[in-house]
Amino acid sequence: MGEVAAAEERKQSLVFAINGERFQLSECDVDPSITLLDFLRSRTPFKSVKLGCGEGGCGACIVLLSKYDPVLDQVKDSTVSSCLTLVCSLNGCSITTAEGVGNSKDGFHPIQERLVGFHASQCGFCTPGMCVSVFSALVNAEKTNRPEPRPGFSKLTVTEAENAIAGNLCRCTGYRPIADACKSFAADVDMEDLGYNSFWKKGETDEEKMSRLPAYNRLSSNLKFPEFLKKEIKAGADLASKGYHWYSPSSIEKLQSILLKNEADHGTSMKIVVGNTGAGYYKDLQHYDTYIDLKHIPELSVIVKDQTGIEMGAAVTISKAIQVLKDGSDFPLESKTVFEKIADHIEKIASGFVRNSGSVGGNLMMAQRKQFPSDIATILLPVDAIVNIMIGQKLEKLTLEEFLGRPPLDSRAILLSIKIPSCELTEDISTETDTKLLFETYRAAPRPLGNALPYLNAAFLAEVSFSRNSTGASLNSCRLSFGAYASKHPIRARKVEEFLIGKVLSVGLLYEAIKLLETTVIPKDGISHSAYKSSLAVGFLFEFLSPLVSTPDQISGDLCDGDNSSILRDYNSKIKDNNDKLNGTKFPTLLSSSKQNIQSGDDYPPVGQPVTKVGAAIQASGEAVFVDDIPAPANCLYGAFVYSTEPLARVKSITFKSRSPPVGFNALISVKDIPGKNLGCTSIFGEEPLYADEFAQFAGDRIAFVVADTQKHADLAANFAVVEYDKENLNPPILSVEEAVKRGSFLQVPPFLFPEQVGDFSKGMAEADRQILSAEIKLGSQYYFYMETQTALAMPDEDNSMVVYSSNQCPQIAQETIAQCLGLPVSNVRVITRRLGGGFGGKSIRAVSVATACAVAAYKLQRPVRMYVNRKTDMIMAGGRHPMKITYSVGFKESGKITALKLDILIDSGAFPDVSILIPGAIVGSLKKYDWGALNFDIKVCKTNRPSRSVMRGPGEVQASFIADAIIEHVASTLSIEVDTVRSINLHTYNSLGFFYKNAAGEPLEYTLPAIWDQLATSSSFHQRTEMIQEFNRSNKWRKRGISRVPTIMEMTVRPTPAKVSILSDGSIVVEVGGVDMGQGGYTGGSTTSESSCEAVRLCCNVLVERLTALKEKLMEEMGTLEWEALILQAYQISVNLSTNSLFIPDSSSVHYLNYGAAVEVNLLTGETTILRSDIIYDCGQSLNPAVDLGQIEGAYVQGIGFFMFEEYPTNSNGLVTANGTWSYKIPTLDTIPKQFNVEILNSGHHQKPSGEPPLTLAVSVHCATRAAILEARKQLGSWNSEEDPNSKAFQLEVPAVMPVVKERCGLDSVQKFLQWTMGTK
Ligand SMILES: Cc1cc2nc3c(=O)[nH]c(=O)nc-3n(C[C@H](O)[C@H](O)[C@H](O)COP(=O)(O)OP(=O)(O)OC[C@H]3O[C@@H](n4cnc5c(N)ncnc54)[C@H](O)[C@@H]3O)c2cc1C
Ligand code: FES
Ligand code: FES
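Scoring rules and cut-offs
- Residues numbered from 1 in each chain as written.
- Chains lettered and ligands numbered in written order.
- Predicted model: local features only at pLDDT ≥ 70, side-chain atom pairs only at ≥ 80, totals over all residues.
- Heavy atoms only, no water.
- Helix = DSSP H or I, 4+ residues; strand = E, 2+ residues; numbered from the N terminus.
- Buried < 20%, exposed > 50% of the residue type's maximum accessible area, 1.4 Å probe, protein only.
- Areas by Shrake-Rupley, 256 points an atom, 1.4 Å probe, with all protein chains shown as cover.
- Salt bridge = Lys/Arg side-chain N within 4 Å of Asp/Glu carboxyl O.
- Pairing = 2+ DSSP bridges.
- Near = heavy atom within 4 Å.
- Polar contact = N/O pair within 3.5 Å; in protein donor to acceptor, adjacent residues only side chain to side chain.
- Nonpolar A, V, L, I, M, F, W, Y, C, P; charged D, E, K, R; others polar.
- Axes fitted to C-alpha atoms, helices over the stretch in contact; angles between N-to-C directions.
- Contact = heavy atoms within 4.5 Å.
- 1 Å grid on protein atoms, 1.4 Å probe; cavity = no way out; pocket = protein on both sides within 12 Å on 5 of 7 lines; lining within 4 Å.
- Points joined across faces, edges and corners; volume = space filled by probe spheres on them.
- Core = buried A, V, L, I, M, F, W, Y, C linked by side-chain atoms within 4.5 Å.
- Phe/Tyr/Trp six-rings, centres within 6.5 Å; stacked < 30°, edge-to-face > 60°.
- Lys NZ or Arg CZ within 6 Å of the ring centre and 35° of its normal.

Draft legend 1. Expanded view of the overall build of the protein. A count of helical and extended segments in the protein gives 42 helices and 42 strands. If you line up the protein on its principal axes, its C-alpha atoms span 100 × 90 × 80 Å. Here the protein holds 1322 residues, and the buried ones make up 61% of them. On the protein, roughly 48600 Å² of surface is accessible, and the fraction owed to carbon and sulfur atoms is 52%.

Spelled out as structure tokens, the structure:
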């Protein structure tokens, strides 16, 4: 074929490269709605892209997208989320996945090797995405003309390295080791700041450390755009493709004719796309006949800069817009500043990989048409941005405000461009006044660096004159916009603007303006946190204007601390300082240096040493095979659950919305298709059905299973299912523990599992000087948010047997359940679990029903059936942590010594038993961490019509740790004593430990808590920092800090564990243990699997050594020396049995001790909390592998921060979970973990102490420190508020203490109260 013909043919088809390999698809070959993720996972061998969310919110799926510009002969490389990128938009592009960065065959990239050595990959599900993020940052840094870095380093900076992964979620590691691996490439890194790793030992010089890192060669590590693609692009020139389903018009005229044609073809549905990232929010549930890609129309991608401003085509990506706005060098200072601030703000939108493909126009169209809470719309409003739109042949120029105010534009309307005008001073600058243009933008969001929609955003532009002779500043003009607070569109607060203009700013004026604003920013009825949103608006306006008020230091305190005459001159720098203080610096180095102090054991190497995880490198390259990565067997079908939306109802029928069956539909499996017993799970604690048999028991209960030809079709079909319910003659559902008590709905806890009471409560109460009676605490649930959702693949096998691949912490329970459900002997069922993409308890019992559902469908249809549960369904069905209600009475002495505690605890177990009856024991085991004198309790496990709760990392123990410290805080606030003093007084002595823990107390020397408590005070400079914090709080009005130190003790149970060790004929060894790889080492529950498995293996090895010893001695005598392989060969020849198994049966349980401290800063205007520093000292006993323990401690602690501070898991009034993905469920990210995170692991020399779960309970300290900071805010508020003194009252701080909660506790009207007080004292 000639070049021209080839180019012609290519235009009809799609050509791109993946990891250097050429792919050509003809149009009929590809469904235009298929995403790159689907394509990669279903039609290529590259499985490193993982589906974590499917909505741009997690980074597990990202790839590097390279585009070649033949005119400039330049390649542009950026990360994009493959779950949102449509394959048809990739013509001429080159894609690099983690396998393409490096792999086991061609060699790993140093990024991957360093991720391994820094122990930065646990389950490995997030790791390929992390790897691609850093790779992209490296590639782009190397393109800059920065000075040559030191040999072995790149041109990347530390800040860039951290920002590169700021949008990627990881649920296992706690991020610190990932950040360290990335930073190790940065030119400006201080080697001292890089944390614990397997490359170097403590005390080595920087040069030695550098030499031990896997070498990075800037030139050879660089990315090459495939030459063949360059050639084809040059020959084809035009990247536009035309066809029936997918159009990429190359001019406005061509676009118009396609739109016209489409209009003529009535009934065809059409979707206009640029980056398609909007589909992350507004999920595509409908089929489109035609797609039109706007990226290839030059007018829509052009950027024009002149004195009048910057005009950008609507298809310009947000990343490009940021770049252009940051380079305002051609503009006068006012405009330059405004452009830069706009850029700074939009840099907080989503994450890099969304901004790289999402367009400015797409964002504004979503705001216009669908009321999307856009940041761009709000911040462009006050600068009077102009938009150009095209409707049919008609072009229109509108102000942004007019554009947003129009009724939603129809699908033919095209946004062509957006112009951000230059800003200039309108007033004559007289000698009497200083005049300045001020522009600020604001945003309060659950995460500071983005990937979180704002609760409210705002932008203010004002021209201010400051009279040199008189005392005040006045506004010549001002434009105030507010958005994202569930209004239709961002609004201009015109009444407030008009009120302010022309007046000299004073405290009174500011107060009046704020009163007016309160009547302007009013969120819609029924919106969550609406009062909070209004208070944010007030806070932002106060923050903007208060530095201009005549006595700024008095009024704004830490917001602006300056001398009056220079207010205006210094305004920008003050505001910047102020922003830095309040929001973190513009591009903060997210983490400051952290320390890990680890005592590794050298007695039995490699036991006790930081050995890297086997398989971590293939996790980083994405070659590790998770269940959903197993290639689909021939004939494979896919399933999705149909779940109940009613809490208790009879299921009458299941039909589909449309008359014809959904696309790809194959079967609907329900209870009547189960050949054996209707079982979704069976265990010693009870059973639960696989499918609702007549009655659905809770919203989220499994009703049926739709089977279709692809996962997407199965999910869509399940969405189209219509369930008819009947509630006649049914009792109302039990949706609360109080209702369960009323109706006596409980699960019975067998006496042997019920914890023992300690001491005599009445006697303890009688000894008390003071009492608190019947105080209440409520705790909600937490979702696992494992990065890999529930998944299984079931395949019918010969002779009526079934093989099931399951991502499962309890394969044995799955095997037994499947067998009973299918009516087969257990031996006919094989369950295979190689690794899990995170579990945290959520894949123990809850995973069984997923495996069983696939097995039942596969059995009935006699075809393989698999399922990868989508995130929304997973969140609805998961159940999660047990919510509970606690009522307590406590007696104590004036000194703070507690003499008696009694608790009534109601645990919500949901509809089925799962393992909920274990929770009372776990709660009490952890509650006993303090010496309560006497501890009495009544614990009821309530059966409700809510999803079955399951174990989640630290089940019961985390809640108990919180309850214990909440009680201590309550006692301290009642007595007005320092909380730390009350804690110290109530720590156990060895005697009281024995009284509470009986045999589990161990030997006196094993009780390391008091020593650790003191050590922590010294190592974290606790007392000095407490004083510094007091000083800080005295001199800052709008930020308060708190510090807290908490202990933890957890009672662990070591369970019987089997192992098998076989030596093969070549000398290699197979070790089989009763645990699965969840990333955190072998772990199936209770955190003790590693230690007991190791012991079981050791027992096997003893047997094998004994069997080999005689032969070894004989051969040594004969030959003098002996190689291992030779010994084994000989052993085989004389038929020594080289395989043995054992069961380790522990003889006692153990307890262990830990504790830590944390400091938190709270922003009183927004409720934002920043964890400044955490110090943990953890007694690991004799650590088997300190690297694993460190990973466990940091990871669990960060998961605990999620529980206590961020993760809301709400339901509707039916109990149906309403948080359904990354948009609403916020696990911690790199920007929300402690800025400084110090961990010390003690090797106290006793047996290994588990680290998988206990550290999670330590995160309670972050909550306590937040409470301490809030208490300071309330004291201050009390001093402004003559009517009441909130300091005298103890207050509840809910879990999680999200921003709205914190702000509410600090006083939603604190600004108003303060201004009133200021006016009154003047
Ligand atoms: C995880 C995530 C987090 C986010 N966080 C934020 C945030 O914090 N703040 C914020 O403001 N935004 C946020 N966004 C939104 C993001 O900015 C938009 O998704 C993006 O800008 C849309 O651009 P796009 O090119 O991908 O649009 P597409 O998805 O391609 O299109 C979006 C919609 O606009 C239409 N459309 C696109 N361009 C045009 C045009 N020129 N003319 C007519 N119609 C058009 C499309 O038909 C479609 O209906 C987030 C997005 C994601 C995925
Ligand atoms: S799967 Fe694409 S970002 Fe989460
Ligand atoms: S290692 Fe990051 S999610 Fe498991």
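The discussion continues.
Draft legend 2. View of the pattern of salt bridges. Counted by the stated rule, this structure contains 66 salt bridges. Residue Lys652 pairs with Glu724 through a salt bridge whose shortest N-O separation is 3.5 Å. Taken together, the positions of Lys652 in strand β20 (residues 649-656) and Glu724 in strand β26 (residues 721-726) put the pair 72 residues apart, joining distant regions of the chain. Overall, Lys652 belongs to the exposed group, its relative accessible area being 52%. On the accessibility criterion, Glu724 (39% relative accessible area) is partly exposed. One network of salt bridges, in which partners are shared, links Arg41, Lys50, Asp628, Asp629 and Arg866.

Draft legend 3. Summary view of the pairing of strand β16 (residues 473-483). Where burial is concerned, most of β16 is hidden: 8 out of the 11 residues are buried. Bridging between strand β15 (residues 456-467) and β16 involves 10 bridges; their strand directions are antiparallel. Directly across from Glu463, in β16, lies its bridge partner Ser477. As judged from the 2 bridges shared by β16 and strand β17 (residues 491-492), these two strands associate in the antiparallel manner. In the strand pairing of β17, Ser481 is matched with Arg492.

Draft legend 4. Representation of the site of ligand 1 in the model. Of all residues adjacent to ligand 1, which total 34 residues, the nearest are Ile272, Thr277, Gly278, Ser359 and Asp375. Contact between ligand 1 and Asn363: an oxygen atom at 3.0 Å from a side-chain N or O atom of the residue. Burial of ligand 1 by the protein amounts to 96% of the accessible area it has alone, namely 960 Å². Looking at the shell around ligand 1, the elements with two or more residues in it are β7 (270-273), α15 (360-370) and β13 (414-421). It is α15 that contributes the most residues to the shell around ligand 1, 5 residues altogether. Partitioning the shell around ligand 1 into residue classes produces 18 nonpolar, 12 polar and 4 charged.

Draft legend 5. Geometry of the sheet that holds strand β32 (residues 865-868). Taken in spatial order, the 7 strands line up as β21-β25-β19-β32-β29-β30-β31 in an open sheet, and their pairing is mixed. Two strands in the sheet have a free side with no partner beyond their single neighbour: β21 (665-669) and β31 (829-832). In this sheet, neighbouring strand axes are inclined to one another by 25 degrees on average, regardless of whether the strands run parallel or antiparallel. This element, helix α24 (residues 711-720), spans β19 (637-643), β25 (702-708) and β32 of the sheet and lies at about 20 degrees to β19. Helix α27 (residues 811-822) rests against β30 (801-806) and β31 of the sheet, and its axis sits at about 150 degrees to β31.

Draft legend 6. Here's a closer look at empty space enclosed by the protein. Scanning all chains against the criterion turns up 10 cavities of 30 Å³ or more. Here the largest cavity defines a volume of roughly 140 Å³. Around the largest cavity sit 15 residues that line it, and Arg702, Arg846, Val850, Met877 and Ala878 are the ones nearest its centre. Contributions of two or more residues to the lining of the largest cavity are made by α28 (846-861) and α29 (871-877).

Draft legend 7. Local environment of the environment of Ile898. In this fold, Ile898 is placed in strand β34 (residues 898-910). Overall, Ile898 belongs to the buried group, its relative accessible area being 1%. Each C-alpha atom of the pair Ile898 and Ile777 lies 19 Å from the other, and the pair is 121 residues apart in sequence. When sequence neighbours within four positions are dropped, the list of residues in contact with Ile898 reads Val890, Gly891, Phe892, Asp931, Trp932, Gly933, Ile968, Val971 and Asn986.

Draft legend 8. Expanded view of unusual backbone geometry. In this structure, Pro1296 follows Val1295 across a cis peptide bond, with omega equal to 0 degrees. Counting through the fold element by element, Pro1296 comes out in the loop between α40 (1260-1280) and α41 (1299-1306). Backbone geometry at Tyr175 places phi at a positive 75 degrees, although glycine is not the residue there. Inspection of the secondary structure assignment puts Tyr175 in the loop between α6 (158-164) and α7 (176-183). The phi angle at Ser1021 is positive, at roughly 50 degrees, despite the residue not being glycine. Note on placement: Ser1021 falls in the loop between α34 (1009-1019) and α35 (1022-1035).

Draft legend 9. A look at the sheet that holds strand β12 (residues 394-399). With antiparallel pairing, the 5 strands of this open sheet are ordered in space as β9-β10-β13-β11-β12. On the outer flanks of this sheet lie β9 (303-306) and β12, each paired with one strand and no other. On average, each strand axis in the sheet is inclined to that of its neighbour by 15 degrees, with strand direction left out of account. Sheet topology note: the β9/strand β10 (residues 309-313) ladder contains 4 bridges and is antiparallel. Bridging across to β10, Val304 finds its partner in Glu311.

Draft legend 10. Highlighting the nonpolar core. If you look at the biggest cluster of nonpolar residues, it comprises 296 residues, and the most contacted ones within it are Phe403, Phe482, Leu500, Phe705, Tyr888, Leu903 and Trp932. The contacts of Phe403, once residues within four sequence positions are left out, are Leu364, Met365, Gln368, Val387, Ile389, Leu398, Leu409 and Leu415. Residues Ile18, Phe39, Val87 and Cys88 belong to the second largest nonpolar core, which totals 30 residues.

Draft legend 11. Spotlight on the side chain of Arg835. Note that Arg835 resides in the loop between β31 and α28. Here the side chain of Arg835 touches Val625 through a polar contact of 3.2 Å, landing on its backbone oxygen. When near neighbours in sequence (up to four residues on either side) are disregarded, Arg835 contacts Ile618, Gln619, Ala624, Val625, Phe626, Ser807 and Asp1077.

Draft legend 12. Spatial organisation of the packing of aromatic side chains. In this structure the tally under the stated criterion is 44 aromatic pairs. Consider the rings of Phe118 and Phe199, whose centres lie 5.7 Å apart with planes at 70 degrees: the pair is edge-to-face. Separated by 81 residues along the polypeptide, Phe118 in the loop between α4 (110-117) and α5 (127-142) and Phe199 in the loop between α7 and α8 (206-212) bring together distant segments of the chain. Of the two residues, Phe118 and Phe199, neither departs from the other in class, the shared state being buried. Of the aromatic side chains, those joined through ring pairs into one cluster are Tyr783, Tyr784, Phe785, Tyr786, Tyr1209 and Tyr1225. The ring of Phe785 has Arg871 lying over it, and the distance from NZ or CZ to the ring centre is 4.1 Å.

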